[in-house]
Amino acid sequence: MNLRQLEILRAVIRHRTTVAAADELALSQPAVSNALKAMEAQAGFTLFERVNNRLFPTAEAMALYEESEAIFALHARLENRVRDLRESRSGHLSIVSTPPLAYSIIPPTLSGFLRRRPQTRVFFDVRRYEGIIEGVLGNAAELGFALGLSNHPGIAHEVVHTGRMVCVMPPQHPLAARAEISADDLTGFPLIGLERGTRLGEAVRESFAKAGAPFQPTVEVRYCNTACVLAATGVGVAVVDPFSPRQGGHDLVVRPFTPSTPAIAYMLWSEGKPLSNLAKTFRAEVRNASRMLDEGMACDSGSVSCEEIS
């Protein structure tokens, strides 16, 4: 017997009439009757006994019904699985991100994404820029997120957020009252610099050079979040990406930095491997989150503290 025949058999057993079974299965009554005759001919024994226009299953028919339970339970699970995959409700997603995005835009997006898809499992790793490229090209991650991007063969990309670097300092700093901080303004004040050779570190150095201002950091760090922590404790002033000051509730004043230094966030994926529906859905949700971030990012409006721009 094939699956369709078993489905008809089970419907007739439940309803005891071919008419009701036909209604359930969206078939004609003759089609159900003919299917029963064909099943009995194939099986070589009687499946139903007719009593007062009702069909009563024989012991043999009930044995088939019970044995088929496992088949239809498996079929139901497969249908549910197909639906979950179609609606991106379950599966496995791997993403990698550099720290500024990993600690700002990704967590709230991921929280809502998983709340609506409790069966989904996510691998989330925080890496430096080079690790993001390696992860995406090596298929260790479907989606990568990074600030800044060079041309890499095999990498597709999309801009998530276009911002600019900002200057951070504690509220009591002499420059805190200014609406905007220039590279020249920072001359003579202790400066926290980003590591030489990093993308953001080199971008800041180029901006100081463009302004003709000396770049002489008292402390040099690898990550912008580290610079924010040090700036909040009075170690110095730092020029960082616009995401990092929003992390951890640092008591900082945030001001636009000039000359304007772009801080562009990218979403990356491999050109050689189609994205899963789950990854496409997460990508769409990051797009929505980035639009909300654009509305909430108030660094250019002269906000007084990180709390006010979060």
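Residues numbered from 1 in each chain as written. Predicted model: local features only at pLDDT ≥ 70, side-chain atom pairs only at ≥ 80, totals over all residues. Heavy atoms only, no water.

1. Re the overall build of the protein
- Looking only at helices and strands, the protein features eleven helices and 13 strands.
- At 32 Å, the protein has a C-alpha radius of gyration far larger than the 19 Å of a compact globule built from 310 residues.
- Taken over the C-alpha atoms alone, the protein extends approximately 105 × 40 × 25 Å along its principal axes.
- Residues counted as buried form 48% of the 310 residues belonging to the protein.
- For the protein, the share of sequence-separated contacts (at least 6 apart) that also reach a separation of at least 24 residues comes to 73%.
- When the accessible surface of the protein is split by element, carbon and sulfur atoms take 52% of a total near 15,300 Å².
- Once the 32 positive and 33 negative side-chain charges of the protein are each reduced to a mean point, those two points are 4 Å apart. (Helix = DSSP H or I, 4+ residues; strand = E, 2+ residues; numbered from the N terminus. Rg over C-alpha atoms; globule rule 2.2 N^0.38 Å. Buried < 20%, exposed > 50% of the residue type's maximum accessible area, 1.4 Å probe, protein only. Contact = heavy atoms within 4.5 Å. Areas by Shrake-Rupley, 256 points an atom, 1.4 Å probe, with all protein chains shown as cover. Lys, Arg positive; Asp, Glu negative; His and termini not counted. Charge placed at Lys NZ, Arg CZ, Asp CG, Glu CD.)

2. Some words on the sheet that holds strand β9 (residues 191-194)
- Strands sit in the order β8-β12-β7-β11-β9-β10 across an open sheet of six strands; the sheet is mixed. Bordering the open sheet on either side are β8 (181-182) and β10 (219-221), each of which pairs with just one other strand.
- Pairing between strand β7 (residues 166-169) and strand β11 (residues 237-240): three bridges, direction antiparallel. From the neighbouring strand, C167 faces β11, where its bridge partner is V239.
- This element, helix α8 (residues 199-211), spans β9, β10, β11 and β12 (253-258) of the sheet and lies at about 125 degrees to β9.
- Strands β7, β9, β10 and β11 of the sheet are contacted by helix α9 (residues 224-232), whose axis makes an angle of about 170 degrees with β9. (Pairing = 2+ DSSP bridges. Axes fitted to C-alpha atoms, helices over the stretch in contact; angles between N-to-C directions.)

3. Some words on the side chain of S207
- Structurally, S207 is set in helix α8.
- The class for S207 is buried, based on a relative accessible area of 7%.
- The contacts of S207, once residues within four sequence positions are left out, are F257, P259 and T261.

4. What to know about the confidence of the model for the protein
- Per-residue pLDDT for the protein averages 87, and the proportion of residues at 70 or more is 91%.
- This stretch, residues 298-310, has a pLDDT under 50; its non-local contacts, to residues over four places away or in other chains, come to 28 contacts. (pLDDT = per-residue confidence, 0-100.)

5. A few points about the packing of aromatic side chains
- Using the criterion set out here, one finds four aromatic pairs in the structure.
- Seen from their ring centres, F113 and F282 are 5.1 Å apart, and the 80 degrees between their planes marks the pair as edge-to-face. Taken together, the residues F113 in helix α6 (residues 106-115) and F282 in helix α10 (residues 277-296) connect sequence positions 169 residues apart.
- Overall, F282 belongs to the buried group, its relative accessible area being 0%.
- Grouping aromatic residues by their ring pairs yields a cluster made of F113, F145 and F282.
- Over the ring of F72 we find R10, and its NZ or CZ is 4.6 Å from the ring centre. (Phe/Tyr/Trp six-rings, centres within 6.5 Å; stacked < 30°, edge-to-face > 60°. Lys NZ or Arg CZ within 6 Å of the ring centre and 35° of its normal.)

6. What about the packing of helix α1 (residues 3-15) against helix α3 (residues 29-43)?
- For the pair α1 and α3, the least separation of the axes is 10 Å and the interaxial angle reads 110 degrees. As summarised for this structure, α1 and α3 are arranged roughly perpendicular, according to the angle between their axes. Judged by the twist between their axes, the crossing of α1 over α3 is left-handed. In contact with Q5, I8, L9 and V12 of α1, α3 contributes V32, A35, L36, M39 and Q42.
- Across the contact of α1 with α3, the residue classes break down as seven nonpolar, two polar and no charged. (Parallel < 35°, antiparallel > 145°, perpendicular 65-115°, else oblique. Left-handed = near helix turned anticlockwise from the far one by under 90°. Nonpolar A, V, L, I, M, F, W, Y, C, P; charged D, E, K, R; others polar.)

7. Let's talk about unusual backbone geometry
- Looking along the chain, the bond that leaves T258 and enters P259 is cis, with omega of 0 degrees.
- Relative to the helices and strands, P259 resides in the loop between β12 and β13 (262-270).
- With a phi angle near 55 degrees, N52 is a residue other than glycine that sits in the positive phi range.
- Along the chain, N52 falls in the loop between β1 (48-51) and β2 (54-57).
- In this structure, N53 is a non-glycine residue whose phi angle is positive, near 65 degrees.
- Positionally, N53 belongs in the loop between β1 and β2.
- A relative accessible area of 66% means that N53 is categorised as exposed.

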